[in-house]
There are 2 protein chains.
Amino acid sequence: MSAVTIRDVAKRAKVGIGTVSRVLNNHPSVHMETRQRVLEAIEELDYAPNPIARQLSLGRTNTISVTLPFLTFPSFVERLRGVQSALAESGHQLILYSVQTAEHRDRHLEQLMRQVRPDGILILSIPLFDDHVHRLKERGIPTVLVDVDIPHAHRVYTDDFQGGYLATQHLLDLGHTRIACLSDILDTELSFVTTRLRYQGYCQALEDCGITPRPAYHIEDHHGRAEARAMAHTVLALDEPPTAIFACSDTQAIGVLDAAADLGLSIPDELSVMGYDNIRDAEYLNISTINQPLFESGFEGAQLLLSLIAHPDDDIHDIALDLTLIQRGTTAPLRASANNRTI
Amino acid sequence: MSAVTIRDVAKRAKVGIGTVSRVLNNHPSVHMETRQRVLEAIEELDYAPNPIARQLSLGRTNTISVTLPFLTFPSFVERLRGVQSALAESGHQLILYSVQTAEHRDRHLEQLMRQVRPDGILILSIPLFDDHVHRLKERGIPTVLVDVDIPHAHRVYTDDFQGGYLATQHLLDLGHTRIACLSDILDTELSFVTTRLRYQGYCQALEDCGITPRPAYHIEDHHGRAEARAMAHTVLALDEPPTAIFACSDTQAIGVLDAAADLGLSIPDELSVMGYDNIRDAEYLNISTINQPLFESGFEGAQLLLSLIAHPDDDIHDIALDLTLIQRGTTAPLRASANNRTI
DNA sequence: CTGTTAGCGCATTCAC
DNA sequence: GTGAATGCGCTAACAG
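What you see is a predicted model; the values in this text were computed from it and never measured.

Peer 1: Teacher, can you tell me more about helix α9 (residues 193–208) of chain B here?
Peer 2: Given 3.6 residues per turn, any residue in an α-helix points the same way as the ones three and four places further on. All names here are of chain B. With 16 residues, α9 extends 22 Å from end C-alpha to end C-alpha; this agrees with the ideal 22 Å at 1.5 Å per step. Along α9, the positions that sit buried rather than exposed are Thr194, Thr195, Leu197, Arg198, Tyr199, Gly201, Tyr202, Cys203, Ala205 and Leu206. In this structure, the buried side of α9 is in contact with α8 (160–173), β6 (179–183), β7 (218–220) and β8 (244–247).

Peer 1: I keep staring at the environment of A:Phe76 and nothing clicks. Help me out?
Peer 2: Residue and element names in this part refer to chain A. Residue placement: Phe76 occurs in helix α5 (residues 74–87). For Phe76, a relative accessible area of 4% corresponds to the buried category. Placed 218 residues apart in sequence, Phe76 and Leu294 show a C-alpha to C-alpha distance of 7.8 Å.

Peer 1: Can you walk me through the packing of helix α6 (residues 102–116) of chain A against helix α7 (residues 130–139) of chain A in this structure?
Peer 2: Two numbers describe a pair of packed helices, the interaxial angle and the distance between the axes. Residues and elements named next belong to chain A. With their axes 10 Å apart at the nearest point, α6 and α7 run at an angle of 10 degrees to one another. Accordingly, the angle class assigned to the pair α6 and α7 is roughly parallel. Where α6 abuts α7, its residues Arg105, Asp106, Leu109, Glu110, Met113 and Arg114 lie against His132, Arg135, Leu136 and Arg139. Partitioned by chemical class, the residues of the contact of α6 with α7 number 3 nonpolar, 1 polar and 6 charged.

Peer 1: How should I be thinking about the interface of chain A and chain B in this particular structure?
Peer 2: Interfaces are often described in size by the accessible area the parts lose on coming together. Contact with chain A, which involves 41 residues of that partner, is made by 41 residues of chain B. Taken together, both faces of the contact between chain A and chain B bury some 3,900 Å²; the carbon and sulfur share is 54%. For the chain A face of the interface with chain B, the top three residues by lost area are A:Ile52, A:Arg117 and A:Tyr284, together amounting to 16%. Two residues, A:Asp46 and B:Arg114, come together in a salt bridge whose shortest N-O distance is 2.8 Å. For the interface between chain A and chain B, the tally reads 12 residue pairs in polar contact (both at pLDDT 80 or more). Those elements that provide at least two residues to the side of chain A that touches chain B are α4 (51–58), α5, β2 (93–98), α6, α7, α11 (250–263) and α12 (280–284) of chain A. In terms of residues, the side of chain A that touches chain B owes the most to one element, β2(A), which gives 6 residues. Residues that form the side of chain A that touches chain B fall into these classes: 21 nonpolar, 10 polar and 10 charged.

Peer 1: Help me understand the sheet that holds β8(B) in this model?
Peer 2: Working definition: the strands of a sheet are paired by backbone hydrogen bonds and lie parallel or antiparallel to each other. Residues and elements named next belong to chain B. Taken together, the 4 strands give an open sheet; going across it, the order is β7-β6-β8-β9, and neighbouring strands pair in parallel fashion. Taken across any chain shown, the strands that pair with only one partner, and hence form the sheet edges, are β7 and β9 (272–274). Each strand of the sheet is rotated relative to its neighbour by a mean of 15 degrees, with strand direction disregarded. Across 4 bridges, the pairing between β6 and β8 is parallel. Across the sheet, residue Cys181 finds its bridge partner in β8, namely Phe246. Sheet contacts for α9: β6, β7 and β8; angle to β6, the most-contacted strand, approximately 170 degrees. Set on the sheet, helix α10 (residues 225–236) makes contact with β6, β7 and β8; between it and β6 the angle comes to about 150 degrees.

Peer 1: Just checking my understanding: could you explain the environment of A:Glu240 for this structure?
Peer 2: Residue and element names in this part refer to chain A. Within the secondary structure, Glu240 is located in the loop between α10 (225–236) and β8 (244–247). Classification of Glu240 by relative accessible area gives partly exposed; the value is 39%. Sequence separation of Glu240 and Arg178 is 62 residues, and the distance between their C-alpha atoms is 8.4 Å. Not counting residues up to four positions away in its chain, the partners in contact with Glu240 are Arg178, Arg214 and Tyr217. A polar side-chain atom of Glu240 sits 2.9 Å from a polar atom in the side chain of Arg214.

Peer 1: I'm lost on the protein's contact with DNA strand D in this one. Help?
Peer 2: In the region of DNA strand D, 26 residues are neighbours, and A:Thr19, B:Ile6, B:Tyr47, B:Arg54 and B:Ser57 sit closest. By atom count, sugar and phosphate contribute 61% of the portion of DNA strand D lying within 4 Å of the protein. Residue B:Asn25 places a side-chain N or O atom 3.3 Å away from a phosphate oxygen belonging to DNA strand D. Within the side chain of B:Ser57, a nitrogen or oxygen atom sits 2.6 Å from a sugar or linking oxygen of DNA strand D.

Peer 1: Mind showing me how you'd approach the relation of the copies chain A and chain B here?
Peer 2: Here the two chain copies are tied together by a rotation about an axis and a shift along that axis. In screw terms, the move from chain A to chain B is a rotation of 180 degrees and a rise of 0.0 Å along the axis, fitting with an RMSD of 0.1 Å. Taken together, the turn and the small shift mark the pair as related by a two-fold rotation axis. Ranked by how close their C-alpha atoms come to the rotation axis, the residues of chain A are headed by A:Ile95, at 2.2 Å. The fraction of interface residues of chain A whose copies in chain B are also interface residues reaches 100%, indicating that both copies meet through the same surface.

Peer 1: What's the story with empty space enclosed by the protein in this structure? I'm lost.
Peer 2: If a probe as big as a water molecule is rolled over the atoms, it shows which places are left empty. Residues and elements named next belong to chain B. The final tally for this structure, using the stated rule, is 5 cavities of 30 Å³ or more. Taken as a whole, the second largest cavity encloses approximately 150 Å³ of empty space. Lining the second largest cavity are 17 residues, with Phe73, Ser75, Thr194, Arg198 and Asp277 positioned closest to its centre. Secondary structure elements with two or more residues in the lining of the second largest cavity: α5 (74–87) and α9. For the lining of the second largest cavity, a count of residues per class yields 4 nonpolar, 8 polar and 5 charged. Residue assignment places the lining of the second largest cavity across two domains, with domain 2 (63–156 + 294–317) and domain 3 (160–292 + 326–339) each supplying three or more.

Cut-offs and rules
- Sequence positions are assigned chain by chain, starting from 1 and proceeding in written order.
- Key to labels: chains lettered from A, ligands numbered from 1, both in the order written.
- With the structure being a predicted model, the display of local features is reserved for residues of pLDDT at least 70 and the display and counting of side-chain atom pairs for 80 or more, all residues being used for whole-chain, interface and lining totals.
- Think of the side-chain values as coming from all heavy atoms in the structure, minus any hydrogens and water.
- In this description a helix means any DSSP run of H or I spanning at least four residues, a strand means any run of E spanning at least two, and both kinds are numbered starting from the N terminus.
- The span you would expect from a helix comes to 1.5 Å times its residue count less one.
- Classification of residues uses two cut-offs on accessible area relative to the type maximum, computed with a 1.4 Å probe and protein chains only: under 20% is buried, over 50% is exposed, and between them is partly exposed.
- For this analysis, residues touch if any pair of their heavy atoms sits within 4.5 Å.
- Angles shown run from 0 to 180 degrees and are taken between the N-to-C directions of axes, each axis being a line fitted to C-alpha atoms and, for helices, limited to the stretch in contact.
- Roughly parallel means an angle under 35 degrees; roughly antiparallel, over 145; roughly perpendicular, 65 to 115; everything else is oblique.
- The residue classification treats Ala, Val, Leu, Ile, Met, Phe, Trp, Tyr, Cys and Pro as nonpolar and Asp, Glu, Lys and Arg as charged. All others, Gly included, are polar.
- Buried area: the accessible surface (1.4 Å probe) lost by two parts on joining, summed over both.
- Each salt bridge in this description consists of a side-chain nitrogen of Lys or Arg and a carboxyl oxygen of Asp or Glu lying within 4 Å of one another.
- Think of a polar contact as two N or O atoms within 3.5 Å of one another; within protein, one of them needs to be a possible hydrogen donor and the other a possible acceptor, and neighboring residues in sequence only count if both atoms come from side chains.
- Strands were regarded as paired on the criterion that DSSP finds at least two bridges between them.
- Nearness of a residue to a molecule or strand requires only that one of the residue's heavy atoms be within 4 Å of it.
- Least-squares superposition of the copies uses the C-alpha atoms of those residues scoring a pLDDT of at least 70 in each of them.
- Only protein atoms enter the 1 Å grid used here, on which a cavity is any set of points holding a 1.4 Å probe that cannot leave and a pocket is any open set flanked by protein within 12 Å on both sides along at least five of seven lines; residues with an atom within 4 Å of a point are listed as lining.
- Grid points are joined across faces, edges and corners, and a volume is the space filled by probe spheres set on the points.
- These domain boundaries are the output of an automatic or database domain assignment.

Laid out in structure tokens, this is it:
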């Protein structure tokens, strides 16, 4: 056990513990000579300061908490990687939390602020209300939101409305007019607001093109490949099936591909499929999608948090990252054959 | 700020701080009445004990460190999920660390033991030497290794040798004899020993079948889809190309599929491909593979660690988890056409 | 049962 | 420059 304390070092170096503390913290006011003696004693005793004691004395915990809906979606993993990368050399511990339900989230945030008291709080992809942010602010712990749609808070985000718009616009540009949209369930308490925005962007793009979104062309269900497959089947079984489908995530786009395979529909000739996120699977499967800077969002968020810890009273940082359209093999110009196809 | 301390509570409840501490820790010896008064004071002041002070006093940090080669491989993510799940309700903080190089690993472990001093150490998929384990033992911090090939340490693992054997056996059973193996580079300092074991299992399976492994049929390169694609091209360009390929990971198997597509080889008719890990992509792409309980390994490892923290002097726990063969669409019986194919 | 005291290990005043 | 003393907030051992 490393039961060796600062006192042992002081005794061995024949100095006071104050002096040891000073060399530990690189205080200038200490003689070269005594500093040397202390350093030797530290070396000989293989001493390392106890971080807990240090934290208590300093009033800092030296930790940063990261809360996310754990690793249920691949996109969260990428964001977490970015965070880890930014924090690696900062000297801060990364404490990981996962919340799955709205109630769990509230309980967790309360615990975080009152009990854990990290130096900084990072929240990834968890829907919050203004009230949460207010309470966070009250506590005075620097907080950064990543991929959370709350204004007037330090955050790093992408414009999901624009993303949905971009995706739909791409399909419109290809000549499609019968465009369906598959999304998560939009009204859950812990629903990802981002999905809703993507859907709204989809609607807006259609309207800007003079097309009224058809209710039958929008289906929502729990997030998942299998669910998306079922949704695709439903929408493709309509009297007038869509010629293009915008899935609000790549995972769901994969489900659409499943359904297309079930029906023997050739992609993209008979059906164009658009995803969102640009997760690795999308690249593997050559799916057209919207790329959002996942790793970077985590990285930037963590960096922002670190700077806030250093300068707590900075103005609100509202960092928007760019989205880009990535056209791959699942989207193509509308063909007459597809347009006339009914089931 | 939650500057309210135990002293404030004591004052308000008109008791000593000792009493407050007692109700905080559910000590039996305290009058119902005074306990009530204290609880009220706590409520009114919205008091929460400072965990740092508590830790310093108790000598415990209430944290568990988890070290892994971050989220470079999908399999690590699954393991981490298992860990998180097991730790969620344990009251321990999960501190996340990532190491990429051997030197980094050594530095990290040293820091972990001397400075961070978590209550327990969990190491996932990072190759260690006996020396590391010895030092870990010296420090007396309970440690559990997951997916690390070190005997005489608490660990949760799968038998990668057997896995490689199983995979190869499957191909042999299908009638293949010209079976290639693509692996990571086996001699890096931080190479994943597990890969080497898979390769050795491959060799053994061949030999048990009276087949001498051909050097040309084993290629190694850095882990990755693109690298695997190139390796596959190399091996498929041999005068006598293999009719089946065992890729030591699903990611690499995907690269093999890429190469097959490049060459217009139909899978599995003209080439059987076997993966390893059963990551989600393998399911998406319908790849035959070896399933190892990833989530479970993390879960079991964390549980073991928690029990070790409670009972530090337990005998060595050496938990082996089962591997299973999952046959999907990329492996099929050898056909004459494939066997005669040369390039 | 309960109030008081003495640490936990370190940083940070103070005097010297 | 340096040593001794005080406090960070809490637990535990000690007397009442």
